[in-house]
Amino acid sequence: MPSELSIGDVAARSGVAPSALRFYEREGLIEAARSEGNQRRYERAVLRRIAFIQAGRAAGVTLADIRSALAGLPTRRTPSRKDWERLSNKWRDDLDARIETLQALRDRLTTCIGCGCLSIDQCDLLNPDDEAEARGAGAHYLRTDSPRV
């Protein structure tokens, strides 16, 4: 089993297109060495980094935050399970908050969300005379209940 992988090997193993791998490299998220023929060669550990990047993106984490998190990994050795655990724990609170927001959004979409449209029958109860307007722009009841609930 080779210790270094070509860009095609990494793309096949990770499910990430070569163009995305080159983008991740330009963004400083992954690194590649160059062969004598100037072809990219990746350490096998890059597969874990790519999976982490993909997981972060799926969770809505910005590339800047992913880059910052990956910068905390050791550069002179393959990251251990503890390294990855420490890294992922930093995102736990943010992910919990996102989950809470998404659940609130899911649960409130069929009721008044404080957007000011006043087109749903419950708006007369939860946002009479468009009281939410005083809070400024936006749908104010997506994350919190109407003060009338």
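See the structure printed just above.
Quick caveat: nothing in here was measured; it's all calculated off a predicted structure. (Residues numbered from 1 in each chain as written. Predicted model: local features only at pLDDT ≥ 70, side-chain atom pairs only at ≥ 80, totals over all residues. Heavy atoms only, no water.)

## Considerations on the sheet that holds strand β1 (residues 4-5)
Backbone hydrogen bonds are what pair the strands of a sheet, in a parallel or an antiparallel way.
Inference 1: Read across the sheet, 3 strands follow the order β1-β3-β2 without closing on themselves; strand pairing throughout is antiparallel. Unpaired on one side and paired on the other, β1 and β2 (33-34) mark the two borders of the sheet.
Inference 2: Of the pairings in the sheet, the one linking β2 to strand β3 (residues 40-43) comprises 2 bridges and is antiparallel in character. By the bridge assignment for β3, Arg34 is matched with Arg40. (Pairing = 2+ DSSP bridges. Helix = DSSP H or I, 4+ residues; strand = E, 2+ residues; numbered from the N terminus.)

## Looking at the nonpolar core
Inference 1: Counting residues in each nonpolar core, the largest one holds 23 residues, and the members touching the most others are Val10, Leu21, Ile30 and Leu70.
Inference 2: Within the residue set of this core, elements represented by two or more residues are α1 (7-14), α2 (18-26), α3 (46-58), α4 (63-71) and α5 (81-108).
Inference 3: The dominant element in this core, judged by the number of residues it contributes, is α3, at 5 residues.
Inference 4: Contacts of Val10, omitting those with residues within four sequence positions, involve Leu5, Gly15, Leu21, Tyr42, Val46, Leu47 and Ile50.
Inference 5: Ranked by size, the runner-up nonpolar core spans 5 residues in total, among them Cys112, Leu126, Ala132 and Tyr141. (Core = buried A, V, L, I, M, F, W, Y, C linked by side-chain atoms within 4.5 Å. Buried < 20%, exposed > 50% of the residue type's maximum accessible area, 1.4 Å probe, protein only. Contact = heavy atoms within 4.5 Å.)

## Quick word on α1
Inference 1: Of the residues making up α1, those classed as buried are Ile7, Val10 and Ala11. End-on, the buried residues of α1 take up no more than an arc of 100°, which puts them together on one face. Facing away from the buried surface of α1 by more than 90 degrees, the exposed residues are Ala12 and Arg13.
Inference 2: Where α1 is buried, its residues contact β1, α2, β3 and α3.
Inference 3: Positive backbone phi, approximately 80°, marks Gly15, located one or two places after α1. (Arc of directions from axis to C-beta.)

## Observations regarding the packing of α1 against α3
Inference 1: Where α1 contacts α3, the axes come no closer than 10 Å and their chain directions differ by 50°. Judged by the inter-axis angle, α1 sits oblique to α3. For the element pair α1 and α3, the recorded crossing hand is right-handed. Of the residues in α3, those in contact with Val10, Arg13 and Ser14 of α1 are Val46, Leu47 and Ile50.
Inference 2: Tallied by class, residues from the contact of α1 with α3 come to 4 nonpolar, 1 polar and 1 charged. (Axes fitted to C-alpha atoms, helices over the stretch in contact; angles between N-to-C directions. Parallel < 35°, antiparallel > 145°, perpendicular 65-115°, else oblique. Left-handed = near helix turned anticlockwise from the far one by under 90°. Nonpolar A, V, L, I, M, F, W, Y, C, P; charged D, E, K, R; others polar.)

## Re the environment of Ala139
Inference 1: Locating Ala139 in the fold gives a position in the segment after α6 (123-126).
Inference 2: Note on Ala139: relative accessible area 30%, which makes it partly exposed.
Inference 3: Separated by 19 residues in sequence, Ala139 and Ile120 place their C-alpha atoms 14 Å apart.

## Description of the packing of α3 against α4
Inference 1: With their axes 10 Å apart at the nearest point, α3 and α4 run at an angle of 145° to one another. Relative to α4, the crossing made by α3 is right-handed. Where α3 abuts α4, its residues Arg49, Phe52, Ile53, Gly56 and Arg57 lie against Leu63, Ile66, Ala69 and Leu70.
Inference 2: Among the residues forming the contact of α3 with α4, the class breakdown is 6 nonpolar, 1 polar and 2 charged.

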